[in-house]
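Survey of secondary and tertiary structure
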Amino acid sequence: MHTVAFPNKILPYLLLAPQIVLTIVFFFWPASQALYQSMVRQDPFGLKSSFVGLANFRNVLTDPSYIHALQVTVVFSLLTALVSMGVALLLATAADKVVRGQGFYRTLLIWPYAVAPAVAGMLWLFMFNPAMGTLAYLLRRNGVSWDPLLNGDQAMALVVVAAAWKQISYNFLFFVAGLQAIPKSLIEAASIDGARGNRRFWTIVFPLLAPTTFFLLVVNTVYAFFDTFGIIHSVTGGGPAKATETLVYKVYNDGFVNLNLGSSAAQSVILMIIVIALTAFQFRFVEKRVHYG
Amino acid sequence: MIEKRPIASLFGHFILIIGIIIVAFPIYYTFIASTTTSEAIIRPPMSLLPGGHMVENYTEAMFGGVERVVGVSLERLLFNSFFVAIAIAVGKIIISFLSAFAIVFFRFPFRMVFFWMIFLTLMLPVEVRILPTYKVIVDLGLIDTYAGLTLPLMASATATFLFRQFFLTIPGELVEAARIDNAGPFRFMRDILLPLSSTNIAALFVILFIYGWTQYLWPLMVTNDAKMNTIIIGLRRMVDFTDASTPWNYVMVTAILAIIPPILVVVLMQRWFVKGLVETEK
């Protein structure tokens, strides 16, 4: 907090007004509406509504298709985070080893960050669509019965790869920064003690990277939960047979497509609770003492 | 380097080159597809070398090709995306700059209440309040308008935090000196704060431009009229695997044009991009 301040009385409110107005109109008001709607039941024409307490939540949480969507989301998020972080860590350690060309490699590796999730999904779909994708064609010619339009696991694999691909840049940049922050003297000490290559990585480098890894795990989970709607919507549409229907996709589908307002609102509120929990977790536990170069 | 290890370094280059192939291949594949004919695209395997129809595809897609498919010209889609991305980035920066300025350099009742209100928006991404926010837009008559596409995405806690964080590092003496010289708050903002914040603003701009350009769920909901689509929504509407008449060459051209501008921004403003990425997450 600054000890020195300007003495104006009205001005600060005027300065804050644009942000506060937007926040109320587009954040708090809709969020309170979601809370309200999650506790009423409306007839399909929106003419009558009656207060039903927590019935909508009970319906949602006991609905097998919601539980299924939750499982799908967890599997999807974990796989996306693992694949993306694994690849990024491998690339970051490689970048740490090379002396020349680091800038060149970085320039080429940050491209996917700029690609919209929906477009990232479409790029992978172009390659792996069974009707016209050249890579799908190659898979089939080599005896893999590849058809993500019918096979749920293959559809999941496709959206995970697209989602992880897009996130590689982000994870790469943070891992590189994390690696640079490790004191060289520690690595030197380890190598004098005879620890080489793999051993040095797993016993010295990886533990010291833990704060970065943990931070990225949270960020990637949030990304996979909320920012991948475009990928699901453009690649699989939640199919086949809801095999890739995530929670966010289901809120959209139930509310916007099937117009089931009470259920959609209750799902929104559950998602809000998940975001609040993740944000609180991030603020409370994620180590902030990582030094970025 | 601790030891001279040419083999490790060579291995590093090898891994990185494979990484670049993985990262670049989907984009390369789409680029190749955008230089060939629709017939060649739907009959795999497609050649992985550029076809001879690049100029033809791009000019046709630009001049009427895309318009025949989705009822809106490619340049209009591009314009919409540019407009939305820049409006969101600039709007967010201005709004956040002003509110952070108020919170750091003034003392007034309910200051912390406002601060927490802004903080709470972190926990309410569009995805969790889809329907009610849509309803607000409908009630305000903002469907199919640029205001509807941009305003709801302009309130941002992260940008406000970044500015607040930075303002707190500005020594109080500077404020005092300004006040002794009879500079009012606006003078202080314009002549001292703004120049000091320029790198932060550049860094935020890159991140927010990408954020605006890559929006999907929101423009999908608030645009019914094809003329208001962003290029990403337009692209999505062109892609139809069940329709035999889908002009895949135009689809590929549109996909390339949807990813080139943000990639250019990230690559050309790389220094600020990395700074922005790291700082907004702190």
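Small disclaimer: the values here were computed from a predicted structure and weren't measured. (Residues numbered from 1 in each chain as written. Chains lettered and ligands numbered in written order. Predicted model: local features only at pLDDT ≥ 70, side-chain atom pairs only at ≥ 80, totals over all residues.)

Some words on the overall build of chain A
Spelled out, the test is: In this description a helix means any DSSP run of H or I spanning at least four residues, a strand means any run of E spanning at least two, and both kinds are numbered starting from the N terminus. As a rule, residues whose C-beta atom has 12 or fewer other C-beta atoms within 10 Å are exposed, those with 20 or more are buried, and those in between are partly exposed; C-beta atoms are placed from the backbone. Throughout, a residue-residue contact means that the two C-beta atoms, derived from backbone geometry, are no farther apart than 7 Å.
From N to C terminus, chain A includes 13 helices and two strands. Overall, the C-alpha framework of chain A stretches about 75 × 75 × 30 Å when taken along its three principal axes. Residues counted as buried form 44% of the 293 residues belonging to chain A. Sequence-distant contacts, at least 24 apart, represent 70% of the contacts inside chain A between residues at least 6 apart.

Points about the interface of chain B and chain A
Condition: Under the scheme applied here, ten amino acids are nonpolar (Ala, Val, Leu, Ile, Met, Phe, Trp, Tyr, Cys and Pro), four are charged (Asp, Glu, Lys and Arg), and all others, including Gly, are polar.
Contacts between the two partners involve 82 residues from chain B, matched on the other side by 83 residues from chain A. A per-class count over the side of chain B that touches chain A returns 63 nonpolar, 13 polar and six charged.

A closer look at the environment of Ile256 of chain B
Structurally, the position occupied by Ile256 of chain B is in helix 14 (residues 248-268). Once residues within four sequence positions are removed from consideration, Ile256 of chain B is found in contact with Thr30, Phe31 and Ser34 of chain B.

Quick word on the UniProt feature "domain: ABC transmembrane type-1" (unreviewed entry) in chain A
Rules: UniProt positions are given in the numbering used here, feature names are shortened, and annotations may be inferred rather than shown by experiment.
Taking the UniProt record as the reference, the feature "domain: ABC transmembrane type-1" (unreviewed entry) is found at residues 70-282 of chain A. Along residues 70-282 of chain A the backbone is 77% helical and 0% strand, and the end-to-end C-alpha distance reaches 21 Å.

Thoughts on the environment of Leu54 of chain A
Residues and elements named next belong to chain A. On the secondary structure map, Leu54 appears in the loop between strand 2 (49-51) and helix 2 (55-62). What makes Leu54 exposed here is the crowd of 11 C-beta atoms within 10 Å. In sequence terms Leu54 and Met39 are 15 residues apart; their C-alpha atoms lie 5.9 Å from each other.

Describing helix 14 of chain B
Stated precisely, the cut-off is as follows: For a helix, the expected span equals 1.5 Å multiplied by the number of residues minus one. Note on bend: at a given residue it equals the angle between the axes fitted to the 7 residues ending there and to the 7 starting there.
Taking 1.5 Å as the rise per residue, helix 14 of chain B with 21 residues should run 30 Å; its terminal C-alpha atoms sit 30 Å apart, in good agreement. At Ile260 of chain B, helix 14 of chain B shows its strongest bend, of approximately 25°, with the proline Pro261 of chain B following within four residues.

A look at the domain arrangement of chain B
Residues and elements named next belong to chain B. Here is the rule: Segmentation into domains, and thus their bounds, comes from an automatic or database assignment.
By the assigned domains, chain B splits into domain 1 (6-68) and domain 2 (71-279). Computed from C-alpha coordinates alone, the two centres of domain 1 and domain 2 are separated by 30 Å. Opposite the 18 residues of domain 1 that make contact, domain 2 presents 15 residues. When contributions to the side of domain 1 that touches domain 2 are tallied by element, the ones reaching two or more residues are helix 1 (6-33), helix 2 (38-42) and helix 3 (54-70). A per-element tally of the side of domain 1 that touches domain 2 places helix 3 first, with seven residues.

Quick look at the UniProt feature "transmembrane region" (unreviewed entry) in chain A
Residue and element names in this part refer to chain A. Within this structure's numbering, the places UniProt gives as "transmembrane region" (unreviewed entry) are residues 12-31, 66-92, 104-127, 155-180, 201-226 and 265-286. Its end C-alpha atoms 26 Å apart, residues 12-31 is made of 100% helix and 0% strand. Here residues 104-127 runs as 71% helix and 0% strand, with 27 Å between its end C-alpha atoms.

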